[in-house]
Every structure is written in structure tokens, then in C-alpha cells.
Amino acid sequence: MTLLFIQANDTAHKLIDTAKQAGQQLAALPQEDLRFGDLLIKGGWVMVPIGILAVLGLVIFFERYFTIRKASTNESNLMMQVRSSIVSGNLESAIAICRNSNTPLGRMLQKGLLRIGRPIKDIEGAIENIGKLEVSKLEKNIGILGIVAGIAPMFGFLGTIAGVIKIFYDISKTDNISMGVISGGLYVKMVTSAAGLFVGIVAYVCYHILNMMVDKVILKLETDAIEFIDLLEEPSK
């Protein structure tokens, strides 16, 4: 009985030593760093349309941003020059000033000046129509940012779901349901969801930034148009 106990004790010590050696060997192995670029590549084919949407959104945002910013510059000097020309009776000079300004406000005022002599309602209608046209030019392609904000997360979820389907398909073929296999595949495939959400959030924010900028331009154009109509009505008061 004592001999059996001694043998069992020796076996236990050997197992403990073996486990310690295995642990030391695992600790000595170099740890693989999780690199952002590698994750993007492992995301699969879905990362391609997500990347295209990201580039498209950025191009549209910066192009519209600078266009709207140019249109929102202070035009107080233009209004002063137009007012001075109208008060002095020099209509041709006022029209030339508006034409040379090459701005939304300048084109609106030019259309109104060309309608002088007609009823004030006709002048207001002409200015309003040009204003709508100028606003539609400013809003060009902004709606695409809204589309990007909506479909980029969908592409991300599609990539994750496709990856999960593939993981379970492989499990059904190999009958290997180890946690390492499942978690290793999931963390890679969920990269597509993270990328899609990130692109969607950025596009959503950019979309509303541009819309707020356009709203400010519209308010400024409406204010200047009202001031112009009041200016035309002054001699008749």
C-alpha cells in the first residue's frame, strides 16, 4: 500500500513539473501583435465597398464644404455697392457689379435688377426662383452622404453575418466546436461591423454639418433679398 502511494505521489509530481514546463514554453513564445492594417485585410471582401463608401463620403464632404463656405462669405460690401448704384440711378453699374461678383447673392440681385420696371411681385418671384436654383446647387450630392451613412453599417453587418455563416459551416464539416475556432473567426468578422459603423457615423455627422451650413446660407440670402426689395420700394414711399 505504501509503495502504491509513493508511485502515485511521484506521478503527480511529474505531471506538475510537465505542466510548469509547458507553461514556461508558452510564455516564452512571441505574442502576435494585433495590427489595425491586418484586421482590415482579414475583414474580407466586404471591406472593399466600405472603403469605397468612405472615400466617396470624404470627397463629397470636402468638395461641398469649400463650395458652401465660399457661398457663405460676407456680402455686405456687395449690398453696399448695389445700394449706392441704385440710389444714384446707375442701374447698369449695379447689374455689372452683381455679374462680376459671381456669387449666389449676386446672381439673385442681378435677376431682380433686370426685372426693375415690372411689378414688385414679379421681381420678388424672379429673385425667389433664382434663390431656389442656387440652393439646389449648394445641396448637390449632399444626399449621397445620407445614403453612405445608411448603407455603410449594413455592409458591415452583412460581412459579419457572412463570416458567422462560414464559421458554422466549417464547424459542421470538421465537427470542431472549440472556443478558439469560434472566437478567432468572430473577432475577425466583426471588424466589418466596426468599420461599417465608423464610416456610417462619420458620414452622418458630415451630412448634418453640410445641411446646417446650407441653412445658414439660405437665411443670409433671404435676409439680403428682403433688404434688396425694401431698397427698391424706398423711392415709392
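The structure presented is a predicted model; accordingly, all values stated were derived computationally and were not measured. (Residues numbered from 1 in each chain as written. Predicted model: local features only at pLDDT ≥ 70, side-chain atom pairs only at ≥ 80, totals over all residues. Heavy atoms only, no water.)

**Student:** It is not clear to me how the overall build of the protein chain should be interpreted in this structure. Could you clarify?
**Tutor:** Helix and strand counts for the protein chain stand at nine helices and zero strands. Seen in sequence order, the protein chain has helices and strands lined up from the N terminus as α-α-α-α-α-α-α-α-α. Residues classed as buried in the protein chain amount to 31% of the 237 residues present. Considering only intrachain contacts with a sequence separation of at least 6, the fraction spanning at least 24 residues in the protein chain is 77%. A total accessible area of about 15,400 Å² is found for the protein chain, and carbon and sulfur atoms account for 65% of it. (Helix = DSSP H or I, 4+ residues; strand = E, 2+ residues; numbered from the N terminus. Buried < 20%, exposed > 50% of the residue type's maximum accessible area, 1.4 Å probe, protein only. Contact = heavy atoms within 4.5 Å. Areas by Shrake-Rupley, 256 points an atom, 1.4 Å probe, with all protein chains shown as cover.)

**Student:** I keep staring at the packing of aromatic side chains and nothing clicks. Help me out?
**Tutor:** Any pair of aromatic rings gets described here by the distance separating the centres and the angle formed by the planes. Tallied over the entire structure, the rule returns three aromatic pairs. When the centroid spacing of 5.3 Å and the interplanar angle of 70° are considered together, the rings of Phe-61 and Phe-62 count as edge-to-face. With a relative accessible area of 11%, Phe-61 lands in the buried category. On the basis of relative accessibility, which here comes to 43%, the residue Phe-62 falls in the partly exposed class. Following the ring pairs from residue to residue traces out a cluster consisting of Phe-61, Phe-62, Tyr-65 and Phe-66. (Phe/Tyr/Trp six-rings, centres within 6.5 Å; stacked < 30°, edge-to-face > 60°.)

**Student:** How should helix α3 (residues 47-71) be read in this particular structure?
**Tutor:** At 3.6 residues per turn, the α-helix brings residues three or four places apart onto the same side. With 25 residues, α3 should reach 36 Å at 1.5 Å per residue; the first-to-last C-alpha distance of 36 Å fits that figure. Met-47, Pro-49, Ile-50, Leu-53, Gly-57, Ile-60, Phe-61, Arg-64, Ile-68 and Ala-71 are the residues of α3 that are buried. (Expected span 1.5 Å × (residues − 1).)

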